[in-house]
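# Structural description and commentary
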Amino acid sequence: MSPPLVIKNGTVVNEDGMFKADVLVKNGIIVEVSPNITPLPEMELIDATDRLVIPGGIDPHTHMQMPYMGEVTKDDFLKGTEAAVAGGTTMIIDFCCPDHRNGESLMAGYARWRSWADPKVCCDYGLSVAITQWRPETAEQMAVITSPEFGVNSFKFYMAYEGTLMVKDDEMYRAMQECAKLRALARVHAENGSVIKEKEQDLLAKGVTGPEGHTQSRPEEIEAEATNRACVLAAQANCPVYIVHVMTKGAAAAISYHRSLGSIVFGEPIAAGLALDGSHYYDEDWLHAARYVMSPPLSRDPTTPELLMKLLAAGELHLTGTDNCTYDCRQKSLGKGNFTKIPNGINGVEDRMSVVWEKGVHSGIIDPMRYVSITSATAAKIFNIYPKKGRIAVGSDADIVIFNPKAYRTISKDTHHHNLDFNIFEGIKCHGVAEITISRGRIVWADGKLQTVPGSGKFVPLLANSPFVFSTQEIREKKAEPRIVERL
Ligand SMILES: NC(=O)NCCC(=O)O
Ligand SMILES: [Zn+2]
Ligand SMILES: [Zn+2]
(Lines give C-alpha, C1' and ligand atoms only; values in the text may rest on other atoms or scores of the structure.)
(Ligands and ions follow the chains in the order given, each with its own letter.)
Protein backbone atom coordinates (compact mmCIF):
# COMPACT_ATOMS: atom_id res chain seq x y z
CA MET A 1 0.00 0.00 0.00
CA SER A 2 1.37 3.43 -0.95
CA PRO A 3 1.88 6.10 1.72
CA PRO A 4 -0.72 8.86 2.10
CA LEU A 5 -0.23 11.59 -0.45
CA VAL A 6 -0.84 15.29 -0.10
CA ILE A 7 -1.01 17.53 -3.15
CA LYS A 8 -0.45 21.16 -2.17
CA ASN A 9 -0.91 24.57 -3.79
CA GLY A 10 -2.60 23.40 -6.98
CA THR A 11 -5.80 24.45 -8.73
CA VAL A 12 -8.37 21.67 -8.67
CA VAL A 13 -10.42 21.47 -11.85
CA ASN A 14 -13.69 19.60 -12.06
CA GLU A 15 -16.23 19.76 -14.86
CA ASP A 16 -18.28 22.31 -12.89
CA GLY A 17 -15.68 24.47 -11.20
CA MET A 18 -12.04 25.26 -10.53
CA PHE A 19 -10.59 26.43 -7.25
CA LYS A 20 -7.38 26.50 -5.23
CA ALA A 21 -7.23 23.55 -2.84
CA ASP A 22 -4.99 20.86 -1.41
CA VAL A 23 -5.88 17.22 -1.88
CA LEU A 24 -5.25 14.40 0.58
CA VAL A 25 -5.18 10.79 -0.59
CA LYS A 26 -5.25 7.70 1.62
CA ASN A 27 -5.55 4.07 0.57
CA GLY A 28 -6.22 5.00 -3.04
CA ILE A 29 -9.13 7.32 -2.22
CA ILE A 30 -9.39 11.10 -1.99
CA VAL A 31 -10.20 11.81 1.66
CA GLU A 32 -9.95 15.59 1.82
CA VAL A 33 -10.11 18.53 -0.57
CA SER A 34 -9.63 21.77 1.34
CA PRO A 35 -7.66 25.02 1.35
CA ASN A 36 -4.83 24.18 3.68
CA ILE A 37 -3.92 20.62 4.53
CA THR A 38 -0.93 20.22 6.82
CA PRO A 39 1.33 17.42 5.61
CA LEU A 40 2.41 14.90 8.24
CA PRO A 41 5.89 13.31 8.18
CA GLU A 42 4.60 9.99 6.85
CA MET A 43 2.91 11.66 3.88
CA GLU A 44 4.37 11.97 0.42
CA LEU A 45 4.20 15.61 -0.65
CA ILE A 46 3.55 16.88 -4.16
CA ASP A 47 3.91 20.60 -4.79
CA ALA A 48 1.39 21.57 -7.48
CA THR A 49 2.15 25.32 -7.55
CA ASP A 50 1.10 26.76 -10.96
CA ARG A 51 -0.31 23.34 -11.87
CA LEU A 52 -3.81 22.05 -12.39
CA VAL A 53 -5.01 19.06 -10.39
CA ILE A 54 -7.41 17.25 -12.69
CA PRO A 55 -9.17 13.89 -12.77
CA GLY A 56 -7.17 11.28 -14.65
CA GLY A 57 -8.28 10.93 -18.24
CA ILE A 58 -10.74 8.21 -19.18
CA ASP A 59 -10.30 6.95 -22.71
CA PRO A 60 -13.57 5.22 -23.61
CA HIS A 61 -12.32 3.70 -26.87
CA THR A 62 -9.25 1.48 -27.15
CA HIS A 63 -8.31 -1.78 -28.86
CA MET A 64 -5.33 -3.17 -26.93
CA GLN A 65 -3.94 -6.50 -28.06
CA MET A 66 -6.82 -6.88 -30.51
CA PRO A 67 -6.65 -9.74 -32.97
CA TYR A 68 -7.95 -8.61 -36.35
CA MET A 69 -7.14 -9.26 -40.02
CA GLY A 70 -4.73 -12.03 -38.96
CA GLU A 71 -2.66 -9.59 -36.90
CA VAL A 72 -2.70 -8.42 -33.30
CA THR A 73 -2.42 -4.74 -32.36
CA LYS A 74 1.05 -3.86 -31.09
CA ASP A 75 0.00 -2.13 -27.87
CA ASP A 76 -0.94 -4.92 -25.51
CA PHE A 77 -2.54 -4.18 -22.15
CA LEU A 78 0.89 -3.48 -20.63
CA LYS A 79 2.35 -1.16 -23.27
CA GLY A 80 -1.04 0.37 -23.97
CA THR A 81 -1.75 1.29 -20.36
CA GLU A 82 1.84 2.47 -19.84
CA ALA A 83 1.35 4.81 -22.78
CA ALA A 84 -1.98 5.85 -21.24
CA VAL A 85 -0.57 6.86 -17.86
CA ALA A 86 2.44 8.56 -19.43
CA GLY A 87 -0.07 10.86 -21.09
CA GLY A 88 -2.36 11.39 -18.09
CA THR A 89 -5.02 8.76 -18.75
CA THR A 90 -5.86 6.55 -15.79
CA MET A 91 -8.68 4.42 -17.16
CA ILE A 92 -9.45 2.87 -20.52
CA ILE A 93 -12.60 1.20 -21.77
CA ASP A 94 -11.42 -1.42 -24.21
CA PHE A 95 -13.44 -3.26 -26.82
CA CYS A 96 -13.79 -6.98 -26.32
CA CYS A 97 -14.68 -8.66 -29.62
CA PRO A 98 -15.86 -12.26 -29.06
CA ASP A 99 -15.84 -14.46 -32.16
CA HIS A 100 -19.61 -14.59 -31.88
CA ARG A 101 -20.09 -15.37 -35.58
CA ASN A 102 -18.31 -18.65 -35.06
CA GLY A 103 -20.31 -19.41 -31.97
CA GLU A 104 -18.03 -18.04 -29.25
CA SER A 105 -20.23 -16.86 -26.40
CA LEU A 106 -20.00 -13.27 -25.23
CA MET A 107 -18.87 -14.59 -21.84
CA ALA A 108 -16.07 -16.72 -23.35
CA GLY A 109 -14.81 -13.72 -25.33
CA TYR A 110 -15.00 -11.62 -22.19
CA ALA A 111 -12.97 -14.24 -20.28
CA ARG A 112 -10.33 -14.17 -23.01
CA TRP A 113 -10.01 -10.39 -22.80
CA ARG A 114 -9.89 -10.46 -19.01
CA SER A 115 -7.14 -13.10 -19.07
CA TRP A 116 -5.07 -10.89 -21.38
CA ALA A 117 -5.71 -7.67 -19.50
CA ASP A 118 -5.75 -8.52 -15.79
CA PRO A 119 -2.08 -9.53 -15.40
CA LYS A 120 -0.85 -6.59 -17.49
CA VAL A 121 -2.88 -3.44 -16.90
CA CYS A 122 -1.11 -0.56 -15.18
CA CYS A 123 -4.27 1.49 -14.75
CA ASP A 124 -7.95 0.66 -14.33
CA TYR A 125 -10.01 -0.61 -17.23
CA GLY A 126 -13.51 -1.60 -18.22
CA LEU A 127 -14.88 -3.51 -21.18
CA SER A 128 -17.46 -2.85 -23.88
CA VAL A 129 -18.51 -5.98 -25.78
CA ALA A 130 -18.96 -6.18 -29.56
CA ILE A 131 -21.82 -8.16 -31.05
CA THR A 132 -20.94 -9.20 -34.58
CA GLN A 133 -23.96 -11.36 -35.36
CA TRP A 134 -27.46 -11.85 -34.02
CA ARG A 135 -27.81 -15.48 -32.98
CA PRO A 136 -30.55 -17.40 -31.14
CA GLU A 137 -28.48 -17.30 -27.95
CA THR A 138 -27.44 -13.63 -28.16
CA ALA A 139 -30.24 -12.08 -26.10
CA GLU A 140 -29.69 -14.44 -23.20
CA GLN A 141 -25.94 -13.84 -23.27
CA MET A 142 -26.44 -10.08 -23.32
CA ALA A 143 -28.51 -10.43 -20.15
CA VAL A 144 -25.81 -12.49 -18.44
CA ILE A 145 -22.94 -10.23 -19.35
CA THR A 146 -24.73 -7.09 -18.15
CA SER A 147 -25.12 -8.61 -14.68
CA PRO A 148 -22.93 -7.07 -11.93
CA GLU A 149 -20.82 -10.25 -11.93
CA PHE A 150 -19.51 -9.40 -15.41
CA GLY A 151 -19.89 -5.62 -15.25
CA VAL A 152 -20.53 -4.73 -18.88
CA ASN A 153 -22.98 -1.92 -19.62
CA SER A 154 -22.47 -1.27 -23.33
CA PHE A 155 -22.37 -3.16 -26.59
CA LYS A 156 -20.63 -2.24 -29.80
CA PHE A 157 -22.02 -2.65 -33.31
CA TYR A 158 -19.98 -2.33 -36.46
CA MET A 159 -21.78 -1.06 -39.55
CA ALA A 160 -18.45 -1.52 -41.36
CA TYR A 161 -16.07 -4.39 -42.12
CA GLU A 162 -18.53 -6.48 -44.11
CA GLY A 163 -17.93 -10.21 -43.79
CA THR A 164 -16.10 -10.00 -40.48
CA LEU A 165 -17.44 -7.62 -37.85
CA MET A 166 -20.37 -5.96 -39.61
CA VAL A 167 -23.94 -6.52 -38.47
CA LYS A 168 -26.92 -6.06 -40.75
CA ASP A 169 -29.53 -3.42 -39.94
CA ASP A 170 -32.11 -5.93 -38.72
CA GLU A 171 -29.52 -7.53 -36.44
CA MET A 172 -28.50 -4.20 -34.96
CA TYR A 173 -32.12 -3.13 -34.52
CA ARG A 174 -32.94 -6.38 -32.73
CA ALA A 175 -29.89 -6.02 -30.48
CA MET A 176 -30.71 -2.38 -29.76
CA GLN A 177 -34.14 -3.45 -28.52
CA GLU A 178 -32.36 -5.81 -26.16
CA CYS A 179 -29.94 -3.06 -25.06
CA ALA A 180 -32.90 -0.84 -24.17
CA LYS A 181 -34.48 -3.63 -22.15
CA LEU A 182 -31.24 -4.27 -20.26
CA ARG A 183 -30.47 -0.55 -19.86
CA ALA A 184 -27.18 -1.02 -21.67
CA LEU A 185 -25.82 1.50 -24.11
CA ALA A 186 -25.52 0.75 -27.84
CA ARG A 187 -22.25 2.03 -29.30
CA VAL A 188 -21.95 2.18 -33.07
CA HIS A 189 -19.17 2.37 -35.64
CA ALA A 190 -21.18 4.15 -38.31
CA GLU A 191 -20.21 3.45 -41.92
CA ASN A 192 -21.95 1.73 -44.82
CA GLY A 193 -19.83 -1.42 -45.06
CA SER A 194 -21.62 -2.86 -48.10
CA VAL A 195 -21.25 0.26 -50.23
CA ILE A 196 -17.62 0.62 -49.12
CA LYS A 197 -16.93 -2.93 -50.31
CA GLU A 198 -18.34 -2.10 -53.76
CA LYS A 199 -16.33 1.09 -53.97
CA GLU A 200 -13.14 -0.70 -52.92
CA GLN A 201 -13.54 -3.18 -55.77
CA ASP A 202 -14.23 -0.37 -58.29
CA LEU A 203 -11.13 1.52 -57.19
CA LEU A 204 -8.89 -1.55 -57.30
CA ALA A 205 -10.21 -2.36 -60.80
CA LYS A 206 -9.24 1.16 -61.88
CA GLY A 207 -5.71 0.65 -60.58
CA VAL A 208 -6.04 2.62 -57.34
CA THR A 209 -4.11 0.32 -55.02
CA GLY A 210 -2.43 2.76 -52.57
CA PRO A 211 -3.71 4.26 -49.30
CA GLU A 212 -5.43 7.05 -51.24
CA GLY A 213 -7.90 4.33 -52.23
CA HIS A 214 -8.87 3.93 -48.58
CA THR A 215 -10.22 7.46 -48.31
CA GLN A 216 -11.78 7.40 -51.79
CA SER A 217 -13.67 4.21 -50.97
CA ARG A 218 -15.18 5.95 -47.93
CA PRO A 219 -16.59 9.33 -48.98
CA GLU A 220 -17.72 11.49 -46.09
CA GLU A 221 -21.40 11.01 -46.96
CA ILE A 222 -20.97 7.30 -46.20
CA GLU A 223 -20.25 8.08 -42.54
CA ALA A 224 -23.05 10.67 -42.38
CA GLU A 225 -25.57 8.25 -43.92
CA ALA A 226 -24.67 5.48 -41.50
CA THR A 227 -24.69 7.83 -38.51
CA ASN A 228 -28.17 8.96 -39.45
CA ARG A 229 -29.25 5.33 -39.95
CA ALA A 230 -27.82 4.28 -36.58
CA CYS A 231 -29.72 7.12 -34.90
CA VAL A 232 -32.95 6.24 -36.72
CA LEU A 233 -32.70 2.55 -35.81
CA ALA A 234 -31.84 3.40 -32.20
CA ALA A 235 -34.85 5.73 -32.01
CA GLN A 236 -37.07 2.98 -33.41
CA ALA A 237 -35.72 0.62 -30.76
CA ASN A 238 -36.11 3.37 -28.12
CA CYS A 239 -32.45 2.88 -27.28
CA PRO A 240 -29.85 5.51 -26.35
CA VAL A 241 -26.97 5.40 -28.80
CA TYR A 242 -23.31 6.43 -28.70
CA ILE A 243 -21.54 7.07 -31.99
CA VAL A 244 -17.84 6.22 -31.75
CA HIS A 245 -15.13 8.07 -33.66
CA VAL A 246 -17.15 10.90 -35.18
CA MET A 247 -14.82 12.01 -37.97
CA THR A 248 -16.84 14.30 -40.23
CA LYS A 249 -19.09 17.34 -40.19
CA GLY A 250 -21.89 15.30 -41.75
CA ALA A 251 -21.81 12.69 -38.99
CA ALA A 252 -21.77 15.43 -36.34
CA ALA A 253 -24.71 17.13 -38.03
CA ALA A 254 -26.69 13.87 -38.01
CA ILE A 255 -26.07 13.56 -34.25
CA SER A 256 -27.20 17.14 -33.63
CA TYR A 257 -30.30 16.60 -35.75
CA HIS A 258 -31.37 13.49 -33.85
CA ARG A 259 -30.73 15.16 -30.51
CA SER A 260 -32.95 18.01 -31.66
CA LEU A 261 -35.68 15.41 -32.17
CA GLY A 262 -35.29 14.37 -28.54
CA SER A 263 -33.27 11.21 -29.03
CA ILE A 264 -30.50 10.33 -26.60
CA VAL A 265 -27.37 10.33 -28.74
CA PHE A 266 -23.77 10.80 -27.70
CA GLY A 267 -20.94 11.68 -30.10
CA GLU A 268 -17.29 10.79 -29.51
CA PRO A 269 -14.65 12.44 -31.67
CA ILE A 270 -11.13 11.07 -31.24
CA ALA A 271 -7.76 12.74 -30.78
CA ALA A 272 -6.71 11.94 -34.36
CA GLY A 273 -9.82 13.56 -35.81
CA LEU A 274 -9.32 16.67 -33.67
CA ALA A 275 -5.74 17.23 -34.81
CA LEU A 276 -5.25 15.80 -38.29
CA ASP A 277 -6.86 15.78 -41.70
CA GLY A 278 -6.95 13.31 -44.56
CA SER A 279 -4.32 14.96 -46.76
CA HIS A 280 -1.90 12.32 -45.43
CA TYR A 281 -3.55 9.63 -47.58
CA TYR A 282 -2.21 11.38 -50.70
CA ASP A 283 1.37 11.56 -49.44
CA GLU A 284 3.81 10.25 -52.04
CA ASP A 285 5.51 8.09 -49.44
CA TRP A 286 3.38 4.90 -49.36
CA LEU A 287 4.27 4.05 -45.77
CA HIS A 288 3.59 7.55 -44.54
CA ALA A 289 0.11 7.44 -46.07
CA ALA A 290 -0.58 3.91 -44.80
CA ARG A 291 0.14 4.89 -41.21
CA TYR A 292 -3.00 7.05 -41.18
CA VAL A 293 -5.33 4.34 -42.49
CA MET A 294 -8.20 4.03 -40.08
CA SER A 295 -11.95 3.84 -40.44
CA PRO A 296 -13.78 6.09 -40.90
CA PRO A 297 -10.84 7.92 -42.45
CA LEU A 298 -9.56 11.31 -41.35
CA SER A 299 -11.69 14.02 -42.93
CA ARG A 300 -10.50 15.40 -46.26
CA ASP A 301 -11.88 18.80 -45.22
CA PRO A 302 -9.05 20.63 -43.39
CA THR A 303 -11.55 22.70 -41.39
CA THR A 304 -13.15 19.62 -39.80
CA PRO A 305 -10.82 19.17 -36.78
CA GLU A 306 -11.50 22.68 -35.48
CA LEU A 307 -15.22 22.35 -36.13
CA LEU A 308 -15.36 19.10 -34.15
CA MET A 309 -13.66 20.89 -31.24
CA LYS A 310 -16.18 23.71 -31.46
CA LEU A 311 -19.00 21.16 -31.34
CA LEU A 312 -17.43 19.67 -28.20
CA ALA A 313 -17.37 23.18 -26.74
CA ALA A 314 -21.02 23.71 -27.66
CA GLY A 315 -22.17 20.41 -26.17
CA GLU A 316 -23.21 19.03 -29.56
CA LEU A 317 -20.48 16.39 -29.17
CA HIS A 318 -19.80 14.99 -25.76
CA LEU A 319 -16.52 13.25 -24.98
CA THR A 320 -13.22 12.31 -26.54
CA GLY A 321 -11.65 8.92 -27.13
CA THR A 322 -8.76 7.69 -29.22
CA ASP A 323 -9.62 4.40 -30.96
CA ASN A 324 -6.05 3.43 -30.02
CA CYS A 325 -5.49 0.45 -32.33
CA THR A 326 -1.83 0.26 -33.23
CA TYR A 327 -0.33 -1.64 -36.16
CA ASP A 328 3.35 -1.08 -36.89
CA CYS A 329 5.07 -0.45 -40.22
CA ARG A 330 5.50 -4.16 -40.97
CA GLN A 331 1.80 -4.77 -40.40
CA LYS A 332 0.75 -1.71 -42.41
CA SER A 333 2.98 -2.95 -45.24
CA LEU A 334 0.84 -6.07 -45.61
CA GLY A 335 -1.41 -3.81 -47.68
CA LYS A 336 1.26 -2.95 -50.28
CA GLY A 337 -0.44 -3.36 -53.64
CA ASN A 338 -3.95 -3.52 -52.15
CA PHE A 339 -5.11 -0.80 -49.77
CA THR A 340 -7.97 -2.97 -48.47
CA LYS A 341 -5.36 -5.14 -46.77
CA ILE A 342 -3.78 -2.32 -44.75
CA PRO A 343 -4.76 -3.00 -41.13
CA ASN A 344 -7.01 -0.18 -39.94
CA GLY A 345 -5.99 1.71 -36.86
CA ILE A 346 -3.95 4.51 -35.31
CA ASN A 347 -2.40 5.51 -31.96
CA GLY A 348 -3.78 8.10 -29.54
CA VAL A 349 -4.05 6.92 -25.94
CA GLU A 350 -0.81 8.61 -24.86
CA ASP A 351 -1.36 11.90 -26.64
CA ARG A 352 -5.09 12.56 -26.26
CA MET A 353 -4.84 14.68 -23.10
CA SER A 354 -2.18 16.95 -24.62
CA VAL A 355 -3.74 17.10 -28.09
CA VAL A 356 -7.17 18.04 -26.70
CA TRP A 357 -5.60 20.67 -24.44
CA GLU A 358 -3.60 22.15 -27.33
CA LYS A 359 -6.42 22.16 -29.88
CA GLY A 360 -9.15 22.94 -27.38
CA VAL A 361 -7.98 25.01 -24.42
CA HIS A 362 -4.69 26.46 -25.65
CA SER A 363 -6.41 27.60 -28.83
CA GLY A 364 -9.16 29.30 -26.83
CA ILE A 365 -12.11 27.12 -27.87
CA ILE A 366 -12.88 25.38 -24.57
CA ASP A 367 -12.29 26.22 -20.92
CA PRO A 368 -10.47 23.91 -18.48
CA MET A 369 -13.73 22.69 -16.94
CA ARG A 370 -15.14 21.64 -20.29
CA TYR A 371 -11.77 19.99 -20.89
CA VAL A 372 -12.30 17.84 -17.80
CA SER A 373 -15.82 17.09 -18.94
CA ILE A 374 -14.76 15.82 -22.37
CA THR A 375 -11.66 13.94 -21.19
CA SER A 376 -13.06 12.17 -18.11
CA ALA A 377 -16.25 13.30 -16.36
CA THR A 378 -18.72 12.68 -19.17
CA ALA A 379 -17.26 9.25 -19.87
CA ALA A 380 -17.59 8.46 -16.16
CA LYS A 381 -21.25 9.52 -16.23
CA ILE A 382 -22.12 7.65 -19.40
CA PHE A 383 -20.49 4.46 -18.15
CA ASN A 384 -21.96 4.80 -14.66
CA ILE A 385 -18.80 5.27 -12.59
CA TYR A 386 -19.27 8.92 -11.66
CA PRO A 387 -18.18 10.42 -9.26
CA LYS A 388 -15.96 7.46 -8.32
CA LYS A 389 -14.04 8.36 -11.48
CA GLY A 390 -13.90 11.68 -13.36
CA ARG A 391 -13.96 13.94 -10.31
CA ILE A 392 -11.62 15.35 -7.67
CA ALA A 393 -13.80 14.99 -4.59
CA VAL A 394 -13.89 13.25 -1.23
CA GLY A 395 -14.68 9.58 -1.79
CA SER A 396 -13.52 9.49 -5.40
CA ASP A 397 -10.75 7.17 -6.54
CA ALA A 398 -7.42 8.93 -6.44
CA ASP A 399 -6.93 8.89 -10.21
CA ILE A 400 -5.30 12.29 -10.48
CA VAL A 401 -3.09 14.17 -12.89
CA ILE A 402 -0.82 17.05 -12.02
CA PHE A 403 -1.12 18.95 -15.26
CA ASN A 404 1.11 21.80 -16.37
CA PRO A 405 -0.84 23.95 -18.82
CA LYS A 406 2.16 26.12 -19.64
CA ALA A 407 4.68 23.38 -20.36
CA TYR A 408 4.81 21.90 -23.81
CA ARG A 409 6.14 18.82 -25.49
CA THR A 410 6.73 17.77 -29.06
CA ILE A 411 5.19 14.41 -29.85
CA SER A 412 7.53 11.83 -31.30
CA LYS A 413 7.89 8.10 -31.80
CA ASP A 414 11.34 8.45 -30.25
CA THR A 415 9.95 9.47 -26.88
CA HIS A 416 6.50 7.88 -26.76
CA HIS A 417 5.65 4.77 -24.74
CA HIS A 418 3.65 2.89 -27.36
CA ASN A 419 4.95 -0.33 -28.81
CA LEU A 420 4.93 1.37 -32.19
CA ASP A 421 7.57 2.48 -34.68
CA PHE A 422 5.77 5.68 -35.69
CA ASN A 423 3.37 8.21 -34.22
CA ILE A 424 0.62 9.83 -36.29
CA PHE A 425 1.08 13.07 -34.30
CA GLU A 426 4.84 13.16 -34.99
CA GLY A 427 6.22 16.69 -34.64
CA ILE A 428 3.07 18.28 -33.24
CA LYS A 429 3.92 20.67 -30.40
CA CYS A 430 1.38 20.51 -27.57
CA HIS A 431 0.97 22.74 -24.56
CA GLY A 432 -0.49 20.89 -21.60
CA VAL A 433 1.69 18.19 -20.11
CA ALA A 434 0.77 15.50 -17.58
CA GLU A 435 3.74 15.84 -15.24
CA ILE A 436 2.55 13.38 -12.59
CA THR A 437 -0.05 10.66 -13.00
CA ILE A 438 -1.57 8.98 -9.97
CA SER A 439 -3.57 5.79 -10.30
CA ARG A 440 -5.59 4.76 -7.24
CA GLY A 441 -3.25 6.76 -5.03
CA ARG A 442 0.01 5.42 -6.53
CA ILE A 443 2.33 7.59 -8.58
CA VAL A 444 2.72 5.76 -11.88
CA TRP A 445 4.32 8.53 -13.92
CA ALA A 446 6.61 11.33 -12.71
CA ASP A 447 9.77 13.14 -13.84
CA GLY A 448 9.31 11.69 -17.31
CA LYS A 449 9.56 8.14 -16.01
CA LEU A 450 7.11 5.29 -15.63
CA GLN A 451 6.71 3.73 -12.19
CA THR A 452 4.17 1.16 -13.28
CA VAL A 453 3.55 -2.34 -11.98
CA PRO A 454 1.97 -4.79 -14.45
CA GLY A 455 -1.38 -5.99 -13.14
CA SER A 456 -1.74 -3.17 -10.61
CA GLY A 457 -4.72 -1.74 -12.48
CA LYS A 458 -8.15 -3.11 -11.67
CA PHE A 459 -11.08 -4.21 -13.76
CA VAL A 460 -13.89 -1.75 -13.04
CA PRO A 461 -17.34 -3.32 -13.35
CA LEU A 462 -19.60 -1.00 -15.32
CA LEU A 463 -23.14 -1.40 -14.07
CA ALA A 464 -26.18 -1.13 -16.32
CA ASN A 465 -28.81 1.59 -16.04
CA SER A 466 -26.56 4.63 -15.87
CA PRO A 467 -28.79 7.49 -14.66
CA PHE A 468 -27.02 9.85 -17.06
CA VAL A 469 -28.28 7.73 -19.95
CA PHE A 470 -31.43 5.93 -18.79
CA SER A 471 -33.23 8.18 -16.28
CA THR A 472 -36.06 8.94 -18.68
CA GLN A 473 -36.20 5.49 -20.24
CA GLU A 474 -39.33 4.29 -18.46
CA ILE A 475 -41.29 7.38 -19.46
CA ARG A 476 -40.02 7.10 -23.02
CA GLU A 477 -41.09 3.47 -23.14
CA LYS A 478 -44.58 4.34 -21.92
CA LYS A 479 -44.86 7.05 -24.55
CA ALA A 480 -43.73 4.61 -27.24
CA GLU A 481 -46.26 1.92 -26.39
CA PRO A 482 -48.29 0.87 -29.45
CA ARG A 483 -51.80 2.27 -29.74
CA ILE A 484 -54.75 0.01 -30.16
CA VAL A 485 -57.99 1.41 -31.51
CA GLU A 486 -60.96 -0.40 -29.99
CA ARG A 487 -63.60 -0.96 -32.66
CA LEU A 488 -67.00 -2.49 -32.47
N1 LIG B 1 -10.99 2.44 -36.44
C2 LIG B 1 -10.11 1.63 -36.97
O3 LIG B 1 -9.67 1.90 -38.07
N4 LIG B 1 -9.67 0.53 -36.35
C5 LIG B 1 -10.08 0.03 -35.12
C6 LIG B 1 -11.34 -0.75 -35.20
C7 LIG B 1 -12.50 0.19 -35.23
O8 LIG B 1 -12.84 0.78 -34.21
O9 LIG B 1 -13.10 0.35 -36.26
ZN1 LIG C 1 -14.55 1.60 -35.34
ZN1 LIG D 1 -12.47 1.42 -32.54
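Counting restarts for each chain: residues are numbered from 1 in the order of the written sequence. Labels follow written order: the first chain is A, the first ligand is 1, and so on. Only residues with pLDDT of at least 70 get local features here, since the model is predicted, and only at 80 or more are side-chain atom pairs given and counted; chain-wide, interface and lining totals rely on the full set of residues. Note that the side-chain values use all heavy atoms of the structure and ignore hydrogens as well as water.

Okay, the overall build of the protein next. By the criteria applied, helices consist of DSSP H or I runs no shorter than four residues and strands consist of E runs no shorter than two, each listed in order from the N terminus. The secondary structure content of the protein amounts to 16 helices and 18 strands. In terms of C-alpha radius of gyration, the protein reaches 22 Å, essentially the compact-globule figure of 23 Å for 488 residues. Projected onto the principal axes, the alpha-carbon positions of the protein cover approximately 75 × 70 × 40 Å. Burial statistics for the protein: of 488 residues in total, 62% are counted as buried. By the convention used here, residues are in contact when the closest approach between their heavy atoms is within 4.5 Å. Intrachain contacts of the protein at a sequence separation of at least 6 include 77% that bridge at least 24 residues. Only the protein chains shown count as covering a residue, and every accessible area follows the Shrake-Rupley method with a 1.4 Å probe. As displayed, the protein has an accessible area near 18,100 Å², and 53% of this comes from carbon and sulfur atoms. A residue counts as positive if it is Lys or Arg and as negative if it is Asp or Glu; His and the chain ends are not included. Where a charge lies is defined by one atom per residue type: Lys uses NZ, Arg uses CZ, Asp uses CG and Glu uses CD. With 51 positive and 60 negative side-chain charges, the protein shows a spacing of 2 Å between the two charge centroids. Radius of gyration means the value over C-alpha atoms here, while the globule rule gives 2.2 Å times the residue count to the 0.38 power. Three labels apply to residues, based on accessible area from a 1.4 Å probe with only protein chains included: buried if under 20% of the type maximum, exposed if over 50%, partly exposed otherwise in between.

A separate point is the coordination of the zinc ion (ligand 3). The donor definition counts N, O and S atoms within 2.8 Å of each metal and applies 3.2 Å to Na, K and Ca; water is not among these atoms, so some sites may look incomplete. Around the zinc ion (ligand 3), the protein supplies His 61 (NE2), His 63 (NE2) and Asp 323 (OD) as donor atoms, at distances of 2.0 to 2.2 Å. Angle rules define the geometry names used: all angles between 85 and 135 degrees makes four donors tetrahedral, while opposite donors over 155 degrees apart and all other angles between 65 and 115 make four donors square planar and six octahedral, leaving every other case irregular. In this structure, the zinc ion (ligand 3) is coordinated by 4 donor atoms arranged in irregular fashion, with angles at the metal of 85 to 146°. Mapped onto the sequence, the donors of the zinc ion (ligand 3) take the spacing H-x1-H-x259-D. Taken as a pair, the zinc ion (ligand 3) and the zinc ion (ligand 2) show a spacing of 3.5 Å. Pair noted here: His 63 is in the loop between strand S6 (57-62) and strand S7 (67-68) and Asp 323 is in the loop between helix H11 (304-314) and helix H12 (329-332), with a separation of 260 residues, a long-range link. Pair check on accessibility: His 63 and Asp 323 agree, each one buried.

For the rest of this paragraph, the subject is the pairing of strand S15 (residues 400-410). Any two strands are treated as partners once DSSP identifies two or more bridges connecting them. Two elements, strand S5 (residues 52-55) and S15, share 4 bridges in a ladder whose sense is antiparallel. Bridging from a neighbouring strand, Leu 52 pairs with Phe 403 of S15. Pairing geometry for S15 and strand S16 (residues 429-439), over 8 bridges, is antiparallel. Paired with Tyr 408 across the two strands is His 431, which belongs to S16.

Let us now look at the coordination of the zinc ion (ligand 2). Every protein donor of the zinc ion (ligand 2) is accounted for by His 189 (ND1) and His 245 (NE2), and the metal-donor separations fall at 2.0 to 2.1 Å. For the zinc ion (ligand 2), the 4 donor atoms in the first shell make angles of 58 to 148° at the metal, a pattern classed as irregular.

Mapped onto the secondary structure, Asp 99 falls in the loop between strand S9 (89-96) and helix H2 (106-117). A relative accessible area of 34% places Asp 99 in the partly exposed class. Along the backbone, Asp 99 and Ala 252 are 153 residues apart, and their C-alpha atoms lie at a distance of 31 Å. If sequence neighbours within four positions are ignored, Asp 99 has contacts with Glu 104 and Arg 112.

The subject of this paragraph is helix H14 (residues 368-382). The span expected for a helix works out to 1.5 Å for each residue beyond the first. Taking 1.5 Å of rise per residue, 15 residues should cover 21 Å, and H14 covers 20 Å from first to last C-alpha, within 8% of that figure. Its axis deflected by about 50° at Ile 374, H14 carries its strongest bend there. Polar contact criterion, stated in full: a pair of N or O atoms within 3.5 Å, where within protein one must be able to donate a hydrogen and the other to accept it, and residues adjacent in sequence count only if both atoms are side-chain atoms. N-capping of H14 is provided by Asp 367, with a side-chain oxygen placed 2.8 Å from the backbone N of Met 369. Downstream of H14 by a residue or two, Asn 384 has a phi angle that is positive, lying close to 70°. The angle between axes fitted to the seven-residue stretch ending at a residue and the seven-residue stretch beginning at it gives the bend at that residue.

It is worth spelling out the site of ligand 1 at this point. Ligand 1 sits among 13 residues. The nearest are His 63, Tyr 161, His 189, Ser 295 and Asp 323. Between ligand 1 and His 189 there is a distance of 3.0 Å, counted from an oxygen atom to a side-chain nitrogen or oxygen. With respect to ligand 1, the side chain of Asp 323 contributes an N or O atom lying 2.5 Å from a nitrogen atom. When ligand 1 sits alone it has 260 Å² of accessible area, and the protein chains cover 98% of it. Distances are taken per atom, and a residue is near a molecule or strand as soon as one of its heavy atoms is within 4 Å of it.

Attention now goes to the UniProt feature "modified residue: N6-carboxylysine" (unreviewed entry) in the protein. UniProt positions are given in the numbering used here, feature names are shortened, and annotations may be inferred rather than shown by experiment. Those places that UniProt annotates as "modified residue: N6-carboxylysine" (unreviewed entry) correspond, in this numbering, to Lys 156. By the element assignment, Lys 156 lies in strand S11 (residues 154-158). Since its relative accessible area comes to 0%, Lys 156 is described here as buried. When near neighbours in sequence (up to four residues on either side) are disregarded, Lys 156 contacts His 61, His 63, Phe 95, Val 129, Ala 130, Ile 131, Arg 187, His 189 and Val 244.

On to the environment of Lys 449. As for its placement among the helices and strands, Lys 449 is situated in strand S18 (residues 449-450). The sequence separation of Lys 449 and Asp 202 amounts to 247 residues, and the corresponding C-alpha distance is 49 Å.

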